[in-house]
Amino acid sequence: MEAGLPANSPRLTRPAGKRPETGIIHLGLGAFYRAHGAVYIEEAMQKSGGDWGIVGVSLMRPDQRDALAPQDFAYTAVELGPEGETARVVTVLNGVLVARENPAAVLEAMTAPSVKIVSLTVTEKGYCHEPSSGKLNQNHPDIIHDLANAEKPTSAIGFLVRALEKRKAAGLRPFTVLCCDNLPENGKVVRGVVLEFAGLVSAELKDWIAAEGAFPSTMVDRIVPATKPEDIAALTAKTGTYDASPVMHEPFRQWVVEDVFVDGARPDLGAVGVQLVDNVTPFEHMKLRCLNGTHSSLAYLGYLAGHETIAETVADPVFATFCKNLWNNEITPGLHAPKGVSLADYTAALFSRYSNPAIRHRTWQIAMDGSQKLPQRILGTITENLASNRSIKGLALAVAAWMRYVGGVDEKGEAIDVRDPLAAKLKSLSDGATDAKQKVAALLSVREVFPATLADNPTFTSSLMEHYESLATKGARDTIKELQA
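Residues numbered from 1 in each chain as written. Predicted model: local features only at pLDDT ≥ 70, side-chain atom pairs only at ≥ 80, totals over all residues. Heavy atoms only, no water.

**Q** So what's going on with the pairing of strand 8 (residues 218-221)? Which residues, and what values?
**A** Residues of strand 8 alternate between two faces, with T218 and V220 on one and M219 and D221 on the opposite face, all of them buried. Across 4 bridges, the pairing between strand 8 and strand 10 (residues 254-258) is antiparallel. Considered in strand 10, the bridge of M219 is made with V256. (Buried < 20%, exposed > 50% of the residue type's maximum accessible area, 1.4 Å probe, protein only. Helix = DSSP H or I, 4+ residues; strand = E, 2+ residues; numbered from the N terminus. Pairing = 2+ DSSP bridges.)

**Q** Lay out the nonpolar core with the relevant residues and their values.
**A** If you look at the biggest cluster of nonpolar residues, it comprises 71 residues, and the most contacted ones within it are Y354, I382, M403, F450 and F460. For this core, the leading source of residues is helix 16 (residues 393-406), giving 11 residues. Composition of this core by domain shows at least three residues from each of domain 1 (22-278) and domain 2 (281-484). The contacts of M403, once residues within four sequence positions are left out, are V440, L443, L444, F450, L464 and Y468. In terms of nonpolar packing, the next biggest core, distinct from the first, is built from 40 residues, L59, V193, V194 and F215 among them. (Core = buried A, V, L, I, M, F, W, Y, C linked by side-chain atoms within 4.5 Å. Domains from an automatic or database assignment. Contact = heavy atoms within 4.5 Å.)

**Q** Give me the lowdown on the packing of aromatic side chains, citing residues and values where you can.
**A** For the structure on display, the rule yields 6 aromatic pairs. Arranged with centres 5.2 Å apart and planes meeting at 70 degrees, the rings of Y300 and Y405 form a pair that is edge-to-face. With Y300 in helix 10 (residues 281-304) and Y405 in helix 16, the pair connects residues that are 105 residues apart, well separated along the chain. A relative accessible area of 1% places Y300 in the buried class. For the ring pair Y303 and Y405, a centre distance of 5.3 Å and an interplane angle of 80 degrees mean the geometry is edge-to-face. Separated by 102 residues along the polypeptide, Y303 in helix 10 and Y405 in helix 16 bring together distant segments of the chain. You can call Y405 buried: its relative accessible area is 2%. Ring-pair connections join several aromatic residues into one group, and the members of that group are Y300, Y303 and Y405. The ring of Y468 carries the charged tip of R404 above its face, separated from the ring centre by 5.9 Å. (Phe/Tyr/Trp six-rings, centres within 6.5 Å; stacked < 30°, edge-to-face > 60°. Lys NZ or Arg CZ within 6 Å of the ring centre and 35° of its normal.)

**Q** So what's going on with the sheet that holds strand 11 (residues 275-277)? Residues and values would help.
**A** What the 3 strands build is an open sheet, ordered 8-10-11; its pairing is mixed. Strand pairing shows two members of the sheet lacking a second neighbour, strand 8 and strand 11, which therefore form its edges. Taking each pair of neighbouring strands and ignoring which way they run, the sheet shows an average axis angle of 15 degrees. (Axes fitted to C-alpha atoms, helices over the stretch in contact; angles between N-to-C directions.)

**Q** Can you lay out the environment of D417 for me, pointing to particular residues and giving the numbers?
**A** Tracing the sequence through the fold places D417 in the loop between helix 16 and helix 17 (423-431). Put simply, D417 and W364 are 53 residues apart on the chain and 8.5 Å apart in space, counted from C-alpha to C-alpha. If we skip the residues at most four places from it in the chain, D417 touches W364 and Y405. A distance of 2.9 Å separates the side chain of D417 from the side chain of R419, its partner in a polar contact. (Polar contact = N/O pair within 3.5 Å; in protein donor to acceptor, adjacent residues only side chain to side chain.)

**Q** Explain the pattern of salt bridges residue by residue, including any values.
**A** Enumeration over the complete set of coordinates arrives at 24 salt bridges. With a closest N to O distance of 2.6 Å, D66 and R65 form a salt bridge. Linking D221 and R353 is a salt bridge whose minimum nitrogen-to-oxygen distance equals 2.8 Å. Taken as a pair, D221 in strand 8 and R353 in helix 13 (residues 343-354) lie far apart in primary sequence, 132 residues in all. By relative accessible area, which is 2% here, D221 ends up buried. Look at the salt bridges and you will find they share partners, linking E42, E43, R88 and R253 into a network. (Salt bridge = Lys/Arg side-chain N within 4 Å of Asp/Glu carboxyl O.)

These figures come from the coordinates and say nothing about function on their own.
Take a look at the structure:
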């Protein structure tokens, strides 16, 4: 028995059987993709065959590889339903590479002729772009490095372009780039930053990727809370087998994909419930604004009020009403629902998902990287509402709560562990101001987050200052109560 394994519990092993050839490289192998996309891919092969085995790439740390390698990259996906749990063993992974340890191995894997798709879940910040404009941040340290080091990229964008460069030189077709992150029109955004980077390498490479490549937009949806040690212990007790890296997820799942792939090469996704569409934008906007927008709003306000999880937050009737008012008064009035979708039914289902007590989705986890998330989750809606004379009071309160949160001190005077690529800059700006008005003005100056047209809007700024002052003096819960009075 390996050191560290629970007593009398053998390690999870991969069931015997032929494994498929690798057809997909996935950059950013985290819990979400293993609980969502990887499961769909495995089911598609079980249903219709094909060689779509996945090699995952951890861009930074070896943790995932080190946990999964002793299990031959099998892992357990645990569905957390209100009535109980259901576990399944997933065997679609053929391996995990660690980019920082061996970038050459990652480029070699991405250049294999069998690879037809490179998918990504690297979070919003992983695209090295300016969220407010969608453009490549050419001053990003990773981009500067990757332009100067063709054989040793560090960023997802660097790996994509350098691998495509190698495929072109070898006379191979490009792979399809399949973004699975929460970016509006994510395929278009990734295509833009890839082409911008490629243009800095060579005009010929840029033209080839533009003409021959494919960047379908997608919408992904499944709540996947972080796995905790007690989850692993409970699974071991239930199954009698120790899995070092299981994933926990809610029953609901959705994947909407624009059906645009290089040479049409893809798994039979439609056979397992993936919605293959011509235009993913209506689905994207609905999910980003209805789910992610309220998730972020509840995360900042809920955290400030002392709520640890989303389920705990919406169990508080003050927050439940706030969430429903956001949907009814500020978010859905500006949305065009996808054909056949009722926004009222969609948001009602969302609230049921938020309320699932088995899903311990921490407000702190959702609050991470807010500077990268706010533009597409909340600020877009605010901008459209201002132009159409619709209410912004609830969403502006959410932005004010983010401003309080990045100040790094909660309502009890305790330090907040703020995880954000701009954390130091945001805290410095907040600390350098003396009152609510100055703090709001200082944070509105951050152009990576707030475009000038929004930051200079008097309705928005005055609402932020009023809300920030109330949060500072009355706290999040009482501010929400007063807002809804």
